[in-house]
Amino acid sequence: MTPQHHRSMVEVFAVASGKGGTGKTTSTLALGMALATDYDVTVVDADTGMANLLFHADLADVETTLHDVLAGSAPVASAVYDRFGMQVVPCGTSLAGFRDADPARLREVVATLAADTDVILLDSAAALGSRAAVLPIVLADRVVVVLQPTIPSLSDGLKVQEYASTYETDVAGIVFNRVRDDEAIAAIAEKASRYFDGPTLATVPESDAARAARRAGEPLLAHAPDSPAADAFREAAGAIDVGAGDSDAVADRFRSAVVPEEP
Amino acid sequence: MKLPRGVLQRQRVVADLATPLSNALDAELTGYARLESQDALLLAADGVGVLTFDAGVPAVAYHTGTDAGGPAALADLAVAGPYRIELFELEQAALEQVHEAGDLRVPPGMPAERLAGDPDLADRTRAAAPARAVGTDEGVPGADEPGAVEAFLDDEAKIAAIRERARDEAQRRAAEWGFEDVSRGDAGR
C-alpha cells in the first residue's frame, strides 16, 4: 500500500496517559513506526513543557524545534525531520524555549501538517494540569490511552477518557504497557474494558529493549524490531482502524478551533 | 492501630506518592506516613490512611475510614490524588507491636506499585527490604495476588466517582481555558 493511496485522509491521534512513567513516548514512536508501513505518519512532541521525544528519535542535536514554531520564529516545515520512515517534529527542552512558545499555536501547526500526511500522532503531556497539556486531547480526533495495570494508572487513564469525551474526542483504544505480570493482565484488561470506550489494542510486556532503545536514542521498533514489545506495538497499530475525515475538513477544524491566548 | 504521634519530618500536598515513598526509602525512615486524600468524594467514609515504615521500607497499612488493613487498605488509598501527606519519625520500639499484626502487613514493594504506580521504585524498595529486617514479599498476605487492581475495577461506585469528578473538572476547565466551544458539556450524557 502506498502512502499516496491515503492522501485524501488524515486522522489525528493524541497519545496520552494522565500519568508519567507509562512509556508514552516509547509508545508514540512505536505506534508511529508501525503505522508508517501503511501510512504517511507525522509524530509531534506536543509535551512542550517536558519534551523528551527528541532523545528517543535521534534528534537531540537539531537546531529548530516545535518551540521555535510555537514562538513564531520558524515555519512548521523547518521543524519537520525525516527519521525512521516518519516525519518527526521534536520539541526543545530549554526553559527559554518553553517560555517563548505559545501553546495555542499548536492548532495551526497541526492544521499545516494535516495537509500533507495520513496520520498525526501527538505525544501528550503526562498530566492534565494545564491548558497546554490538555490541548492535544482537544485537537485530536481520537486518543490512544497508554496504561500500566496499576490502580493509579487506570484511575488517571479514566480521567483522560473523561477529558476526551468532554472535548468530543473519541477513544481509539487502550494499550497496556510495561506489563510484568502475564497472568494477572488478562483479568485486569477484561475488567478495564468495561470502563473504556475503545478496545484493548495490545498488551506490551515490560522490556529491557525499550530502555536500551532510549539509551541508544532510537525508537524501539528500530532498535529491537524483533522484541516481544515491538511485536505487541505492531499488533496495537494493526488494531487501530485509521480513517477519519478528509484533510481539508481537518485543517479547517483546527484553524477555526477557539483557543485563546494565554492571559 | 494505635501509634504515638512521633516527630513530624515533612508535610505537604502531593499529586503523586512516588516522591514521598522514595524520600522515606532514601532517608531510611522509621515511622509512618499519614495520608489524607484531598478528594472526599472518592472515599465512602472520611478517614486517613496510615502506612508505617521500617528503615524506609513499608510494613503495615491501615485505613481509619474503611477499617481496612494490609493490601485492602492500599486499595482504599489508591484513588487519584492529590494527597496531604505527613511523615512522622518514631522509635523502632513504638512500632514493634503494630508490625506484629500480620493482617495489616503489606509486601514491601506493594505501596510503590499500588499507590504510586512505580515499578522501579517497587524494585528498589524490595531490594532494600531483606537487609532492613522487614522481610521479603513472600509469606505476606496478598503478596502475589493481583487482587487489589481487580478489586479496584470491581468497585463500580468508586470508578463512577472518579469518572464523575474528572468530567466535572474537564467541563469546569473547558470554560476556564476557553475550550467550551468544542465541549459538549452535559449533552448526550
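Just so it is clear, the structure is predicted and the values come from calculations on it, not from any experiment.

This part covers the sheet that holds strand β1 (residues 7-14) of chain B. Residue and element names in this part refer to chain B. The strand order across the open sheet built from five strands is β1-β5-β2-β3-β4, with neighbouring strands paired in antiparallel fashion. Among the strands making up the open sheet, the edge pair consists of β1 and β4 (57-63). Strand-to-strand twist across the sheet, computed as the mean angle between neighbouring axes with direction ignored, equals 20°. Here strand β2 (residues 31-37) runs beside strand β3 (residues 49-54); their pairing, made up of five bridges, is antiparallel. Among the inter-strand pairings, Gly31 is bridged to a residue of β3, identified as Phe53. Its contacts with the sheet put helix α1 (residues 18-26) on β1, β2, β3 and β5 (83-89), and the angle it makes with β5 is roughly 10°.

Our next topic: the nonpolar core. Most often, soluble globular proteins have nonpolar side chains that are buried together. All names here are of chain A. Grouped together as the largest cluster of nonpolar side chains are 132 residues, with contacts concentrated most on Phe13, Val143 and Phe233. Top element by residues in this core is helix α6 (residues 131-139). It accounts for seven residues. In contact with Phe233, other than residues within four places in its own chain, are Ser27, Ala30, Leu31, Ala34, Ala202, Val204, Leu220 and Leu221.

Facing the 33 residues of chain A at the interface are 33 residues of chain B. Secondary-structure elements contributing two or more residues to the side of chain A that touches chain B are α6, α7 (151-166) and α8 (182-192) of chain A. For the side of chain A that touches chain B, the element with the most residues is α7 of chain A, which contributes 11 residues. When its residues are assigned to classes, the side of chain A that touches chain B shows 17 nonpolar, six polar and 10 charged.

Before going further, it helps to examine the confidence of the model for chain A. All names here are of chain A. Averaged over every residue, the pLDDT of chain A is 88; the share at 70 or more is 89%. Taken together, the stretch residues 1-7 has pLDDT below 50 and engages in seven contacts with residues farther than four places along the chain or on a different chain. The model gives residues 258-263 a pLDDT under 50, and that stretch makes nine contacts with residues more than four places away or in other chains.

Looking now at the environment of Thr48 of chain A. Position of Thr48 of chain A among the secondary structure elements: in the loop between β2 (41-45) and α2 (53-56). Considered as a pair, Thr48 of chain A and Phe176 of chain A are 128 residues apart in the sequence and their alpha carbons are 24 Å apart.

Attention now goes to the pairing of strand β7 (residues 170-179) of chain A. Residue and element names in this part refer to chain A. With eight of its 10 residues buried, β7 lies for the most part within the structure. After leaving strand β6 (residues 142-147), the chain enters α7 and then returns to the sheet as β7, a path that is right-handed. As judged from the four bridges shared by β7 and strand β8 (residues 200-205), these two strands associate in the parallel manner. Within β8, the position partnered with Phe176 by the bridge is Thr203.

Basis of the calculations
Residues numbered from 1 in each chain as written. Chains lettered and ligands numbered in written order. Predicted model: local features only at pLDDT ≥ 70, side-chain atom pairs only at ≥ 80, totals over all residues. Pairing = 2+ DSSP bridges. Helix = DSSP H or I, 4+ residues; strand = E, 2+ residues; numbered from the N terminus. Axes fitted to C-alpha atoms, helices over the stretch in contact; angles between N-to-C directions. Contact = placed C-beta atoms within 7 Å. Core = buried A, V, L, I, M, F, W, Y, C linked by C-beta atoms within 7 Å. Buried ≥ 20, exposed ≤ 12 C-beta atoms within 10 Å, placed from the backbone. Nonpolar A, V, L, I, M, F, W, Y, C, P; charged D, E, K, R; others polar. pLDDT = per-residue confidence, 0-100. Right-handed = clockwise from strand over helix to strand, strands pointing away.

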